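# Geometric and topological summary
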Amino acid sequence: MQKWGALVVLSMAQFLMVLDQAVMNVSISQLVEDFDTTVTTIQAVITLYALVMATLMITGGRIGDILGRRRTFAIGLVIYGAGSALTAASWNVSSLVLGWSVLEGLGAALVLPALVALIAANYRGRDRVAAFGVIGGVSGVGIAVGPIVGGFFTANLSWRWVFVGEVIIALVILVLLRLVGDAPVEGRRPKLDVVGSVLSALGLGLIVFALLQASSWGWLQPKQSPIEPFGFALTPFVVLAGVLVMYAFVAWQRHRERQGLDPLVRLRLLTILPLRSGLNCFLSQNLILLGIFFTLPLYLQIVLGLDALETGIRMLPISITMFVTSASGPALTSRFGARRIVQAGFVLLVVASFAMLGTIEIELDSVPFSIALAILGVGMGLIASQLGNVVQSSVSDDERGEAGGLQYTAQQLGSSMGTAFIGAIVISALLFAFVDNVSSNEQISSELSDAIEVSVSAGGNFVAADDVEAALLDAGVPEDETNEVVADYRDSQLQALKIGLLVVAFLAVLSLRFTLNLPGKEDEDDEFADVPVPVRSA
């Protein structure tokens, strides 16, 4: 047990980081009531939390190289715990923003890159593969269990008690941190590139912010865009601005290296093919996972009418199979190699997507649905069991902090893209299918059909069919026509969700391209001997 003490401590920290956002997402209505504010305001608070994490991950990894990984981990955890305490006691939206969005986001940006570096330092060979597999499984469990925890506390006690629990867990981790060996940095400690930190934070922040706001602003056609440059939504212009800032960041890093100064990120790391493949796979995995976790709650909560707690319970097969499969990393790696295992994982994501397509109906068929989710969990578990080890084993000890920062930046970008991209596709498909169904229904008058088309052209959201029915009846639409429209809307909901899952399957197929430079079985002898996988520069 002493051998795995460090993994237990670090797994607790990983679970704490992942659980947080899932809890807040299911507590929105209670937060609106408690702070006498709007849903838009609370969503902005959640967006800011994601922004702080995404923008500071690379800097957080570099700070770990400067201060030491275990010290940075401890400092980040103290900041995170302080943020949780302030969140639990928050009395208005401003205090919630400071506690949750700023302090917890900052703490997570310090903790997570240090966490993966500490795992790599505390374990070698097969043990390291197992440790990263467990961490990957814990992440999946946290995402799926979060709605259960949040739903239970919100319904029976208060969302504040979740953050009280987080403070207690953070204190326990700090007490047990002595079980975790440090990851020493050999040689001279680097200095922080402040300009590079600002540029990377600004560039990534603009890109992530635009992706998160795309559902509100619109991708190209403006919806609620604050301004409309050249008649388009603001989204692509903010993304472009972020890309340009990141281009300036890359140029600055090259300038620093030419001057013999410490860059924020050594760009040559991105020429290490296994590392680059691992980062791309991390981005794809989170894009797909968050896309599915956007689609399934829409089906379970809005179409079927389940609450957050019931939704979390229905999605438990993902957590169980993902955790069990992730923990099987060493046995699988020694037999097949990381490349084949990750490829099998993406193939299973395709299979799971098609299996879920057959279960998305007005009435839930529990057994096939649970089997589809279990297949999804196995696929995600296979991927999660390998990628962390691939990334950290591709670099030397003094590069682990940078690699960790890049890893979690890729994951945050993937999460933002998954929610924004799949969300936009599902909403667009819903509106298109609804207009098409209504216009082709002879039982609906042309006047009502035209009015619905005009209303939908201004944009819309994925709402419950009961809300559509109530709105029609309030507008004085006859009951027989209302029933026809509602029936068409229910069909449109199912069509849109199925299109979202088809896109997920397509993305999983495309992601196979990123796996080609992952280490194969022929590299495993070197891996288990703790020799970095041979690399080829591109």
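What you are looking at is a predicted structure, and each value in this text was computed from that prediction instead of being measured.

Here the focus is the overall build of the protein chain. Counting its secondary structure elements, the protein chain contains 20 helices and zero strands. Against the 2.2 N^0.38 benchmark of 24 Å for 538 residues, the protein chain shows a C-alpha radius of gyration of 24 Å, consistent with a compact globule. When the backbone C-alpha atoms are referred to their principal axes, the protein chain occupies close to 80 × 50 × 50 Å. Among the 538 residues that make up the protein chain, the fraction classed as buried is 56%. Pairs at least 24 residues apart make up 82% of the contacts formed inside the protein chain by residues separated by at least 6 positions.

With that settled, consider the layout of surface pockets. Counted as a void, the second largest pocket has a volume near 500 Å³. As for the second largest pocket, its lining consists of 19 residues, of which Met246, Leu270, Leu406, Thr409 and Leu413 are closest to the centre. Of all the elements in the fold, those that place two or more residues in the lining of the second largest pocket are α8 (194-217), α9 (235-258), α10 (273-303) and α16 (400-439). Looking at the lining of the second largest pocket element by element, the count peaks at five residues for α16. The residue makeup of the lining of the second largest pocket, split by class, is 16 nonpolar, two polar and one charged.

So, on to the packing of α10 against helix α19 (residues 479-511). Axis separation between α10 and α19 bottoms out at 10 Å; the angle between their running directions is 165°. It follows from the interaxial angle that α10 and α19 lie roughly antiparallel. Our pair here, α10 against α19, has a crossing hand that is left-handed. Of α19, the residues touching α10 (which contributes Ser284, Leu287, Ile288, Ile292, Thr295, Leu298, Tyr299, Ile302 and Val303) are Gln493, Leu494, Leu497, Leu501, Val504, Leu507, Ala508 and Ser511. Split by residue class, the contact of α10 with α19 holds 13 nonpolar, four polar and no charged.

Right, let's get into the confidence of the model for the protein chain. Of the residues in the protein chain, 92% reach a pLDDT of 70 or more, and the chain-wide mean stands at 82. In this model, residues 527-538 is a region of pLDDT below 50 whose contacts with residues beyond four sequence positions or in other chains number 31 contacts.

Okay, the side chain of Thr359 next. Of note, Thr359 is situated in the loop between α14 (338-357) and α15 (366-393). Taking the relative accessible area as the measure of exposure, Thr359 reaches 5% and is therefore buried. From its side chain, Thr359 meets the backbone oxygen of Met356 in a polar contact 2.9 Å long. When near neighbours in sequence (up to four residues on either side) are disregarded, Thr359 contacts Tyr299, Pro368 and Phe369.

The rules behind each value
- Residues numbered from 1 in each chain as written.
- Predicted model: local features only at pLDDT ≥ 70, side-chain atom pairs only at ≥ 80, totals over all residues.
- Heavy atoms only, no water.
- Helix = DSSP H or I, 4+ residues; strand = E, 2+ residues; numbered from the N terminus.
- Rg over C-alpha atoms; globule rule 2.2 N^0.38 Å.
- Buried < 20%, exposed > 50% of the residue type's maximum accessible area, 1.4 Å probe, protein only.
- Contact = heavy atoms within 4.5 Å.
- 1 Å grid on protein atoms, 1.4 Å probe; cavity = no way out; pocket = protein on both sides within 12 Å on 5 of 7 lines; lining within 4 Å.
- Points joined across faces, edges and corners; volume = space filled by probe spheres on them.
- Nonpolar A, V, L, I, M, F, W, Y, C, P; charged D, E, K, R; others polar.
- Axes fitted to C-alpha atoms, helices over the stretch in contact; angles between N-to-C directions.
- Parallel < 35°, antiparallel > 145°, perpendicular 65-115°, else oblique.
- Left-handed = near helix turned anticlockwise from the far one by under 90°.
- pLDDT = per-residue confidence, 0-100.
- Polar contact = N/O pair within 3.5 Å; in protein donor to acceptor, adjacent residues only side chain to side chain.

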